[in-house]
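# Residue-level structure breakdown
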Amino acid sequence: MKIILKRGKDESLRRFHPWIFSGAIHRIEGEQEEGALARVFTADGEYIATGHWQIGSIAVRVLTFRDEPIDTAFWASRLQEAWQMRKAIGVAGREDNSTYRLVHGEGDNLPGLVIDVYGRTAVMQAHSVGIHCSRMEIAEALKQVMAAAIESIYYKSETTLPFKADLGQENGFLLGGSADDVAVENGLKFHIDWLRGQKTGFFVDQRDNRSLLEQYSRGRDVLNMFCYTGGFSVYAMRGGARTVHSVDSSAQAVDLVNANVELNFPGDARHRAYAEDAFRFLQLMTDGAYDLIILDPPAFAKHKDALRNALKGYTRLNLRAFEKIRPGGILFTFSCSQAVNKDQFRMAVFTAAAQSGRRVRILHQLHQPADHPINIYHPEGEYLKGLVLYVE
Ligand code: SAH
């Protein structure tokens, strides 16, 4: 199909922004099938981009600004680039690390596509109808590019695609079918539950922040709130924490964290996990019980209209931690809401600090790691932010 833009609506594309909003479109020619490839032209008939078309406010996700076919060879060359980059930044091709994000959507010039690698399994996730329609070609390309490194490709898009598109998508293996679910992150082992787990099964994006936490853990009593698979807990234990308590409202997460602690530190009595609501746990816990607290909640704002409530939520949560943390304690606090920017998050945490009356200093400002790159022309790709705070 062919899309002709309104006059002047090609400007952001000339600056390589990868989205075309529906309001920028003057005319569509040819059959309009969701997920189909669209060649896009300016009002003067000049070719400008090719991308996946979808019903919604983001009408086209641009795959290329060159007039080239989108086929297995195209996907293979983009995947090759992505893999090269992961090797160059030192997350792939290492003995002690087999857990990394291979493709981060717009950040890798592949809008709508996420691929995480866990050992010899790649977990692929589609966030657009077009990527869903191209999944077999992408899997074929991935097999070609990473034949030596990957045995299985698991497709996990049941919850990430617009349900209105009625694609009948199912999760399942597109290649292989490995039952080996252990991957290594910085020398620590993790069971990855790509079948039932959240997202692609693990939060790869906290890898660097977990390493930093490890450095602060020696001799401390650690509370890992919203622990999920227990990434932070296991690093804290390696870092020499005195005790580590992990909390998540999901019983399944508590089983996962226990399994992962056992995998790395069998029989270690320093760790305990609790299935409990975070706000309740923080309210009931003894003052000063912990001197290192991690708050890594799920996204409080999935959309812009939820922003005000989300900010209040961050303030309320952080206030509880400020009220209870031991003097001299360290707080690692995060937001993964894309709709909340780093200044807004910092303001929410500032408000909590002020309300608690504690003296607080910022030690580090954290963000997503290098295998979650931000396309400089697509600042919307920045989502993870965190603060490490020293609380007197
Ligand atoms: N820190 C984790 C990722 C956290 S994801 C990591 O490094 O991998 C967010 C987690 O918060 C999920 O596991 C979810 O089950 C849990 N959660 C959501 N609401 C909660 C609540 N009110 N109290 C406690 N846990 C909650």
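Located above this text is the structure these notes cover.
Here is a short report on the structure shown in this document. Here, residues in each chain are numbered from 1, in the same order as that chain's written sequence. Where totals are concerned, whole chains, interfaces and linings use all residues; where local detail is concerned, this predicted model gives features only for residues with pLDDT of at least 70, and gives and counts side-chain atom pairs only at 80 or more. Hydrogens and water are ignored here; the side-chain numbers use all heavy atoms of the structure.

### Some words on helix α7 (residues 251-264)
Each turn of an α-helix holds 3.6 residues, which means side chains three or four residues apart point in the same direction. Convention followed: Counting from the N terminus, the helices are DSSP H or I runs at least four residues long and the strands are E runs at least two residues long. To estimate the expected span of a helix, count its residues, drop one, and scale the result by 1.5 Å. With a 1.4 Å probe rolled over the protein chains alone, any residue whose accessible area is under 20% of its type maximum counts as buried; one over 50% counts as exposed, and the rest are partly exposed. Comment: arc refers to directions from the helix axis out to C-beta atoms. Contact criterion: two residues are considered in contact whenever any of their non-hydrogen atoms come within 4.5 Å of each other. In protein, a polar contact means a hydrogen-donor-capable atom and an acceptor-capable atom, both N or O and within 3.5 Å, with residues adjacent in sequence counting only if both atoms are side-chain atoms; elsewhere, any N or O pair within 3.5 Å suffices.
In this model α7 runs 20 Å from its N-terminal to its C-terminal C-alpha over 14 residues, within 8% of the 20 Å that 1.5 Å per residue would give. Buried within α7 are the following residues: Ala 253, Val 254, Leu 256, Val 257, Asn 260, Val 261 and Asn 264. One side of α7 carries all its buried residues, which in axial view fall inside an arc of 160 degrees. Turned more than 90 degrees away from the buried face of α7, the exposed residues are Ala 251 and Asp 255. Check the buried side of α7 and you find it contacts β13 (188-191), α6 (231-238), β15 (243-248) and β16 (271-275). Where α7 begins, the side chain of Ser 250 points an oxygen toward the backbone nitrogen of Gln 252, at a separation of 3.3 Å.

### Overview of unusual backbone geometry
One non-glycine residue, Phe 16, lies in positive phi territory at about 65 degrees. Mapped onto the fold, Phe 16 is located in the loop between α1 (11-14) and β2 (19-21). On the basis of relative accessibility, which here comes to 38%, the residue Phe 16 falls in the partly exposed class. In this structure, Phe 226 is a non-glycine residue whose phi angle is positive, near 60 degrees. On the secondary structure map, Phe 226 appears in the loop between β14 (221-225) and α6.

### Thoughts on the sheet that holds strand β11 (residues 172-175)
Our working rule: Following DSSP output, two strands are said to pair if at least two bridges run between them. In this analysis an axis means a line fitted to C-alpha atoms, helices contributing only their contacting stretch, and an angle means the value between N-to-C directions, from 0 to 180 degrees.
Reading across from one edge, β7-β8-β9-β10-β11 is the order of the 5 strands in this open sheet, with mixed pairing throughout. The sheet terminates laterally at β7 (99-104) and β11, the two strands that pair on one side only. Across this sheet, the average inter-strand angle for adjacent strands is 25 degrees, counted without regard to direction. The sheet contact formed by strand β8 (residues 113-118) and strand β9 (residues 121-126) spans 6 bridges and is antiparallel. Among the inter-strand pairings, Val 117 is bridged to a residue of β9, identified as Ala 122. Contacts between helix α2 (residues 72-88) and the sheet are confined to β7 and β8, with β7 contributing the most and set at about 140 degrees to the helix.

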